[in-house]
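So you can see what is in the structure, the chains are spelled out below.
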Amino acid sequence: MDELEIDREALLATFLAEADETFAHMEQQLLALERTPEDDEFLNALFRDVHTLKGAASLVSFDGARDVAHDLEDVLERLRQKTLAVTDTLVTLLLQSVDVLRRAVAEAAAGGAASEAVLAFRARLAEAARAAVAERAAPAGGGEAPDAHEPHAPHASAARTLRVDVGKLDRMLNLSGEIAIARGRLGEMLERRGGVSPEDALDAHREADRLYLDLQELIMKARMVPIGPTFHQHVRTLRDLAAGLGKQARLVMEGEDVEVDTAVIEHIRDPLLHMVRNALDHGIELPDERRAAGKPPVGTLTLRAFHDAGSMVVQVLDDGRGLDVRRIAQQAVARGLATDPARIGPEDAAGLIFEPGLSTADAVTELSGRGVGMDVVRRNIEALRGSVSVESEPGRGTAITLRVPLTLAIIQGFKVGVGGETYILPLDAVSECLELPPEETRAGAPWGVINVRGKPLPYLRLRDHFKVAGAPPQRENVVVVQHGAQVAGVAVDVLHGESSTVIKPLGGLVGTVAGVSGSSILGNGRVALILDVAGILRETLRRAAAQAAA
């Protein structure tokens, strides 16, 4: 590969990353223009975005995207000249233009020419530019306008990028230099040996360790990004879905400046999308139904974020009808998840909506009916070592709360030992440690239930769960772990205590292991598995329920 090809690859990666940001900004400006069509600033900002995109597409020879952007400029120019009015129909057409541009960029990045659908859409833009009646614009996602979010649309694989303040990079460089000096000083002391006291060597080591921790903290801060742009992506989603369902809704965003690791942002995008769709489809009522209930015809969906005890909390709240407990109970019985619908209360119903396959929709539609969305939410959030909970009030609405860690790179862990193996539990999931009663140790059962201050505590013996070889010790311990409202115990041989844990993926050769969420390298070079508390809790409580029913 010659230098020219390398430069083009870098150029394309930069263009694709910036194009994604431009598309998101264009959607925001269009939605703002729809709300306040008299504000020319939104229109001017939109025109600048399109013009910049056209120039960049021409630079990388994406002719299809360049031509669509040029046609879009003609329409925007008519708006600037006040010869074309801002209407809902025209805004829908312009939003579709963003989808078409995404499609054209994806097709060009994949090495193909512009599709027939893209070419056909250019004719519609030309018609609008000639001030033709724009009412023929199909609803968003219609047959003529290709939707870049549809599964069959080709997608370009843009490189993962992150914007970092130059000041932070300068500080990282300075710390790297200081660490090199500290390492040199420590190495010199070790070479001299006899002339250095242990106290001086320890001080040098502590200084190098302090600098390393400062660098680690700075790198973690550099990875932190605000959640606001992720929230803003759902303004367009809400508008299009509401129009398709015949509903009216507005999106309220709180805590847009709350920062979290960029990897966490990537993992919560899908759960947020499913929750927004679910709230609009199942929660927000039709305007006539809301009026009859004494509510304003326009429903409110709130996305809220805030920090709490080392975690980020994201809430999705709607002022709709709330959970239909009776309907959920009927579906749970029909799917064999429960036997008596009368025994299912609001809390039980809130947990059942996350079961795969359970849906209260009467028919399968593009939005719902397959019972997949909320199951995806739970699985994705638990994969982040997070939790999800639901609160609902009939006629008042529903609040879904996600709690996720601020970072996926480093956690405070609690190390335990079983046989010759070491396992790590996330420290924020550990409530307390107890001694396993002698009679339970002698029984040696894979699981059981013990009495803790008058309350039953189901526990799972880690030795049996992972089939660790060797005989158990005379004295075992139980680590009480909690995930959301669920509590259970994990029986282990030894308690090693807490430590800072760097998370490493398991890798493709290992695959998915039940009860394991990752791994870490210990100081002695051995690998320790990081336990999936949510998965272990589910297994423990399942066994306890089966034992109680037997």
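For the structure itself, look to the data block above.
Residues numbered from 1 in each chain as written. Predicted model: local features only at pLDDT ≥ 70, side-chain atom pairs only at ≥ 80, totals over all residues. Heavy atoms only, no water.

Student: Before we move on, could you go through the pairing of strand 7 (residues 397-405) and cite the residues and values that matter?
Tutor: In terms of burial, strand 7 is a largely internal element, eight of the nine residues being buried. In the sheet, strand 5 (residues 311-318) pairs with strand 7 via eight bridges, with the strands oriented antiparallel. Bridge pairing in strand 7 links Val-316 to Ile-400. As paired strands, strand 6 (residues 387-393) and strand 7 are joined by seven bridges and run antiparallel to one another. When the sheet's bridge partners are listed, Ser-389 is paired in strand 7 with Thr-401. Between strand 6 and the antiparallel strand that follows it, strand 7, lie three residues; Gly-395 among them carries a positive phi value of about 80 degrees. (Buried < 20%, exposed > 50% of the residue type's maximum accessible area, 1.4 Å probe, protein only. Helix = DSSP H or I, 4+ residues; strand = E, 2+ residues; numbered from the N terminus. Pairing = 2+ DSSP bridges.)

Student: Report on unusual backbone geometry, specifying residues and quantitative values.
Tutor: You will see that Ser-61, though not glycine, has its phi angle at about 65 degrees, which is positive. Even without being glycine, Lys-467 reaches a positive phi, approximately 55 degrees. Relative to the helices and strands, Lys-467 is located in the loop between helix 15 (462-465) and strand 13 (477-483). We classify Lys-467 as exposed; its relative accessible area is 70%.

Student: Report on the packing of aromatic side chains, specifying residues and quantitative values.
Tutor: Throughout the structure, instances matching the rule amount to two aromatic pairs. A ring pair is formed by Phe-15 and Phe-62, whose centres lie 5.3 Å apart and whose planes are at 90 degrees; its orientation type is edge-to-face. One end of the pair, Phe-15, is in helix 1 (residues 3-35); the other, Phe-62, is in the loop between helix 2 (40-59) and helix 3 (63-80), and 47 residues separate them in sequence. Where Tyr-423 meets Phe-466, the ring centres are 5.1 Å apart and the plane angle is 10 degrees; that geometry is what we call stacked. In this pair, Tyr-423 sits in strand 9 (residues 421-426) while Phe-466 sits in the loop between helix 15 and strand 13, placing the two residues 43 residues apart along the sequence. Taking the relative accessible area as the measure of exposure, Tyr-423 reaches 5% and is therefore buried. Above the plane of the ring of Phe-47 lies Arg-80, whose end atom (NZ or CZ) is 4.1 Å from the centre. (Phe/Tyr/Trp six-rings, centres within 6.5 Å; stacked < 30°, edge-to-face > 60°. Lys NZ or Arg CZ within 6 Å of the ring centre and 35° of its normal.)

Student: I'd like to hear about the nonpolar core, residue by residue, with values.
Tutor: The biggest cluster of nonpolar side chains holds 86 residues, and the ones touching the most others in it are Phe-15, Leu-76, Ile-227 and Ile-268. In terms of residue count, the dominant contributor to this core is helix 4 (residues 88-109) (ten residues). Among all residues touching Phe-15, those that are not within four sequence positions of it are Leu-53, Ala-56, Ala-57, Val-60, Phe-62 and Val-105. (Core = buried A, V, L, I, M, F, W, Y, C linked by side-chain atoms within 4.5 Å. Contact = heavy atoms within 4.5 Å.)

Student: I'd like a description of the sheet that holds strand 15 (residues 494-502), backed by residues and values.
Tutor: Spatial strand order, 15-8-9-17-16: five strands in an open sheet with mixed pairing. With one partner strand each, in any of the chains shown, strand 15 and strand 16 (516-521) form the two edges of the open sheet. Within the sheet, the average angular offset between the axes of one strand and its neighbour, ignoring direction, is 35 degrees. Where strand 8 (residues 410-418) lies against strand 9, six bridges are found, and the strand directions are antiparallel. (Axes fitted to C-alpha atoms, helices over the stretch in contact; angles between N-to-C directions.)

Student: Residue-level account of the pattern of salt bridges, with values.
Tutor: For the structure on display, the rule yields 34 salt bridges. A salt bridge links Lys-82 to Asp-40; the nearest nitrogen and oxygen atoms lie 2.9 Å apart. Of this pair, Lys-82 sits in the loop between helix 3 and helix 4 while Asp-40 is found in helix 2, placing the two residues 42 residues apart along the sequence. Two residues, Arg-102 and Asp-99, come together in a salt bridge whose shortest N-O distance is 3.5 Å. In this pair, Arg-102 and Asp-99 are both assigned in helix 4, three residues apart and thus about one turn of the helix distant. Side by side, Arg-102 and Asp-99 carry an identical accessibility label, which is buried. Ionic contacts of the salt-bridge type, sharing partners, join the residues Glu-27, Glu-34, Asp-99, Arg-102, Arg-236, Arg-239 and Asp-240 into one network. (Salt bridge = Lys/Arg side-chain N within 4 Å of Asp/Glu carboxyl O.)

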